[in-house]
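Coordinate inspection notes
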Amino acid sequence: MNLFLEPNELIEKINKGHNLKILDTTFFLPNSNLNAEDEFNKEHIPNAIFFDINKIANPNDPLPHMIPSKEIFSDMMKKLGLNNEDEIIIYDNSPFLSSARAWFLFRYYGHDNLFILKGGLKNWKAQTGIVTEDKTNIVLGNFVAQIEKKELVKKLDDMIEITNDKDTLVLDARSYARFIGEAKEPRDGLESGHIPNSKSLPSSDFINSDGQLKNIDEINLIFKDKSITGNEKIIATCGSGVSACVISLALYYSKGLEIPIYDGSWTEWASTGQKISKSND
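Remember, it's a predicted structure, so these values are computed and weren't measured experimentally. (Residues numbered from 1 in each chain as written. Predicted model: local features only at pLDDT ≥ 70, side-chain atom pairs only at ≥ 80, totals over all residues. Heavy atoms only, no water.)

**Section: the nonpolar core**
Put simply, the test is: By nonpolar core we mean a set of buried residues, namely Ala, Val, Leu, Ile, Met, Phe, Trp, Tyr and Cys, connected to one another through side-chain atoms within 4.5 Å. Any residue under 20% of the maximum accessible area for its type is buried, any over 50% is exposed, and the rest in between are partly exposed; the area is computed with a 1.4 Å probe on protein chains only. Runs of E in the DSSP output that reach at least two residues are strands. Runs of H or I that reach at least four are helices, and both are numbered from the N terminus.
Ranked by size, the top nonpolar core spans 58 residues in total, and within it Phe51, Met77, Trp103, Phe106, Phe206 and Leu249 carry the most contacts. When residues of this core are traced back to their parent elements, those giving at least two are helix 3 (70-79), strand 4 (87-91), helix 4 (99-108), strand 5 (114-117), strand 7 (168-172), helix 8 (216-225), strand 9 (233-237) and helix 9 (244-255). Here this core gets 9 residues from one element, more than from any other, and that element is helix 9.

In structure tokens, the structure reads:
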């Protein structure tokens, strides 16, 4: 799958200058003491636009990062200056490849003309040294979501039913310590643990020391070690629907699979009185 661009390839596209939009999709966990927009304002790729994962969400849902309607997403993308004919390049400055969330959203709404910058801002700076704090001028775009792949998102009622279905593999992208209930959740008041019958597969397993998604052979070895063939019914979950997209991305990149996520993820599950497991099931 040709999903990733090297910094020099992005420079070539910038020099051509045709229907190109660059989105900074940096995201940090609530307990990180970092603000993604502040970090963007300090330095970003020239002409990049900040794609706020916290705000590109359903404004009428109290849960974080819930996928908005097609109409709301379209309006949000227009306000970011995006057009349907744009080629979109996404990158991040996050410790866990948050650009996977933006990748998932655009594919969910039928925009496939997009790439992820390999290694994000760190690799861009190492290879080019070109960053700016200048604000990007945004002109209202014409973006309209073409479709909505609702089969790629699972809701709470689906997950309650799925927990009793041993034929579905639920993969949890949070850290193993959070999964077994030993580490505190980053959101105050949220109990740690995991959805019954789910399995731990931290998104960090897929990311190398340079902050890049591992190569296909390495990814396939991870799945092999976990006895995951890709023939199973798979759903990815996490804390609030962001790092689950890393699992979805890894399965798409390595096996060409379209894997749904549980959008409410652990935040919804643990805050609505559902059964919680803490042992390594």
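From this point, the discussion proceeds with the structure in view.
**Overview of the pairing of strand 5**
Going by this rule: In this analysis, strands are considered paired if DSSP registers two or more bridges between them.
Here strand 5 shows two buried faces, one formed by Leu114 and Ile116 and the other by Phe115 and Leu117. Here strand 4 pairs with strand 5 via 3 bridges, running parallel. Within the sheet, the bridge partner assigned to Ile90 lies in strand 5 and is Ile116.

**A few points about the layout of surface pockets**
Going by this rule: Only protein atoms enter the 1 Å grid, on which a cavity is a set of points fitting a 1.4 Å probe that cannot get out and a pocket is an open set with protein on both sides within 12 Å along at least 5 of 7 lines, lining residues being those with an atom within 4 Å of a point. Grid points are joined across faces, edges and corners, and a volume is the space filled by probe spheres set on the points. Nonpolar residues are Ala, Val, Leu, Ile, Met, Phe, Trp, Tyr, Cys and Pro. Charged residues are Asp, Glu, Lys and Arg, and all others, Gly as well, are polar.
In this structure, the largest pocket occupies an estimated 350 Å³ of space. Of all elements in the fold, only helix 2 (36-42), strand 3 (49-50) and helix 3 reach the threshold of two or more residues within the lining of the largest pocket. A total of 3 residues in the lining of the largest pocket trace back to one element, the largest contributor, which is helix 2. In this structure, the second largest pocket encloses a volume near 280 Å³. Around the second largest pocket, the lining is made up of 16 residues, and of these Leu20, Lys21, Asn47, Ile49 and Thr136 lie nearest the centre. Sort the elements by how many residues they give to the lining of the second largest pocket and strand 2 (residues 20-24) lands first, with 3 residues. Taken together, the residues of the lining of the second largest pocket break down into 8 nonpolar, 7 polar and 1 charged.

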